[in-house]
Amino acid sequence: MSLPIVALVGPPNAGKSTLFNKIIGEMKAVTSDVAGTTRDRQYAPTGWNGAAFELVDTAGLEADAASELEASVHKQIEVAAKEAQVIVMVVDGKLPPDSLDRQVLLKFRKSKQPVVLAINKLDSPKNLEALTASFLKLGLKAVFPVSSVTGRGIGDMLDHIVSVLPTAEQEETRDKRQETGSIGVAIVGKPNVGKSSIFNQILKDERVVVSNVPGTTRTAIDSDVTINGTDYTFIDTAGLKKKAARQAQPDVFSSYQTYKSIRRSDVCFFVVDATEEVTSQDQSVAQEIISQEKGCIVLVNKIDLYDAGQQKKKTVAEPSREKLQAYISHHFPFLWMCPVFFVSGKTGEGLSEAIAAINKIDASRKQIVNPEALKDLLARRKKQNPPKRLMDQKEPKVYSLAQVETNPPKFELLVNHTPAIQENFRKSVENAIIKELNFWGTPIKVRLVKKV
Ligand code: GDP
């Protein structure tokens, strides 16, 4: 399912980020448990009264200088108007009625999507009616006085938002994939690492049969290809083709596109540039793949240039592939279970091996483990790394381990009391499953469940 997008727009300091965090609430705290990082997300799936949507904060588009305020708000509106199904304009309710944001608002309300106005920072319910009326006079219909700090008024506003949401459109391609069993592959990475070159190089191979290219139908944004008898759906390849359009996208939406492509995939080609240093942008794409529990293959691209000693910034002293491998492992420790290939979008080197790895990862994600093997594994874990009693907690007891899902693989550890089990023990079971039971190139999840 593709979720409808609700975008928050508004001038700096109106409190968009606070409102965003308040709405997604606890979701945010659990979104990133990879390598101890906390990321400031600007988009998150969320929901209200059973209706799901993606909330997007456009704060990343803000300009610092006050003189650029109008331009920056316009930019947000433009982007939001293209992407979102509902727009929430956030304004500071403590500012005088003639401040610039009201003027911006006047232009804004002509948007084709439903527009909801959140008059923010109204922590105490005084004079709300008069204030609301002054906004209603501007021609807006849905006006909500809210406080992002206390949460006051937000429930009413969300009630309204979900009432105007379009019913979530079915993602045809996803459904089709489930029917045909093709493997969803997203090619992701920061700009200019060579994603388009890799995709186009794959298509050049004579063994590749393309059955559906972007542009053949209006809705086709994916490419179905058959390679050596296996069907793959490369996700959002329109984005890989229309390069100019894609580069014009502001950051928050290009990272949002990446996030969406990852979500629709089974396995990702995570592309990095061998001739450049690894940056935090590379790391956050990789973390997104792992936190969404997708299979991952690292493609270290432009290896032709690297081998020829043409590094933009020397990552490692000499062009040795061994050193490059170590450099990559060092920067992506949380991808320890993922294969790394040196490839070239220009010469095609390494790409058929990378495609073969997709099949292997797909098989490992779909495998059903023998319950006896899980029993043995758990017994060994308990012996080698027995869960220790935590302060002020009950004596930990771990009863059994069972697989509950495939693709992505999920397991449950049955225990006496979940807070009594150290995270370190749970993690060690997770790692042991990957290492000992042939889960290759994919994260897996082990969840603690209390025995009743
Ligand atoms: P994208 O933004 O990730 O899709 O990157 P592109 O595929 O557009 O590639 C960015 C630039 O790197 C282009 O100028 C490509 O020609 C170049 N490039 C991509 N892959 C390779 C490669 O493997 N070797 C060499 N020499 N150049 C490459």
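Reading guide: rules and limits
The numbering scheme is per chain: residues are counted from 1 as the chain's sequence reads. Where totals are concerned, whole chains, interfaces and linings use all residues; where local detail is concerned, this predicted model gives features only for residues with pLDDT of at least 70, and gives and counts side-chain atom pairs only at 80 or more. Numbering goes from the N terminus for both helices and strands, where a helix is a DSSP run of H or I of at least four residues and a strand is a run of E of at least two. Counting other C-beta atoms within 10 Å of a residue's C-beta gives its exposure: the residue is buried at 20 or more, exposed at 12 or fewer, and partly exposed in between, where C-beta atoms are placed from the backbone. Residues are defined as contacting one another if the C-beta atoms placed from their backbone atoms lie within 7 Å. The predictor rates its confidence in each residue with pLDDT, a number between 0 and 100. By this definition, two strands are paired if DSSP reports at least two bridges between them. Contact assignment follows one rule, namely that a residue is near a molecule or strand if its backbone-placed C-beta atom lies within 6 Å of it. Residues are grouped as follows: Ala, Val, Leu, Ile, Met, Phe, Trp, Tyr, Cys and Pro are nonpolar; Asp, Glu, Lys and Arg are charged; all remaining types, including Gly, are polar. Interaxial angle, 0 to 180 degrees, is taken between N-to-C directions of lines fitted to C-alpha atoms, where a helix line uses only the stretch in contact. Orientation is classified from the angle alone, with under 35 degrees giving roughly parallel, over 145 giving roughly antiparallel, 65 to 115 giving roughly perpendicular, and any other angle giving oblique. Crossings are assigned a handedness: left-handed for a near helix turned anticlockwise from the far helix by less than a right angle, right-handed for a clockwise turn.

Caption draft 1: Main features of the overall build of the chain. When helices and strands are counted, the chain shows 17 helices and 16 strands. The buried share of the chain, taken over its 452 residues, is 37%. The long-range fraction of contacts in the chain, counting pairs at least 24 apart against all pairs at least 6 apart in sequence, stands at 72%.

Caption draft 2: Layout of the confidence of the model for the chain. Per-residue confidence for the chain averages 81 on the pLDDT scale, and 78% of its residues sit at or above 70. Note that residues 26–40 has pLDDT below 50 and, in this model, 21 contacts with residues that lie over four places away or in other chains. pLDDT under 50 marks residues 60–65. Its contacts with residues more than four places away, or in other chains, come to 16 contacts.

Caption draft 3: Spotlight on the pairing of strand 11 (residues 267–273). Counting buried positions along strand 11 gives 7 out of 7 residues, so the element sits mostly inside the fold. Burial along strand 11 is two-sided: V267, F269, V271 and D273 and C268, F270 and V272, pointing in opposite directions, are all buried. In this sheet, strand 11 lies alongside strand 7 (residues 183–188) in parallel orientation, the contact comprising 4 bridges. Bridging across to strand 11, V188 finds its partner in F270. Pairing between strand 11 and strand 12 (residues 295–301): 7 bridges, direction parallel. From the neighbouring strand, D273 faces strand 12, where its bridge partner is N301.

Caption draft 4: Just the site of the ligand, in detail. Of all residues adjacent to the ligand, which total 17 residues, the nearest are G194, K195, S196, S197 and G345. Sorting the residues of the shell around the ligand by element identifies helix 8 (195–204) and helix 13 (303–307) as the ones contributing at least two each. Sorting elements by how many residues they give to the shell around the ligand places helix 8 first, with 3 residues. Tallied by class, residues from the shell around the ligand come to 4 nonpolar, 8 polar and 5 charged.

Caption draft 5: Summary view of the packing of helix 16 (residues 371–384) against helix 17 (residues 423–436). Running from N to C, helix 16 and helix 17 cross one another at 130°; their axes reach a closest spacing of 10 Å. With respect to helix 17, the axis of helix 16 lies oblique. For the element pair helix 16 and helix 17, the recorded crossing hand is right-handed. Of the residues in helix 17, those in contact with L377, L378 and R381 of helix 16 are S428, V429, A432, I433 and E436.

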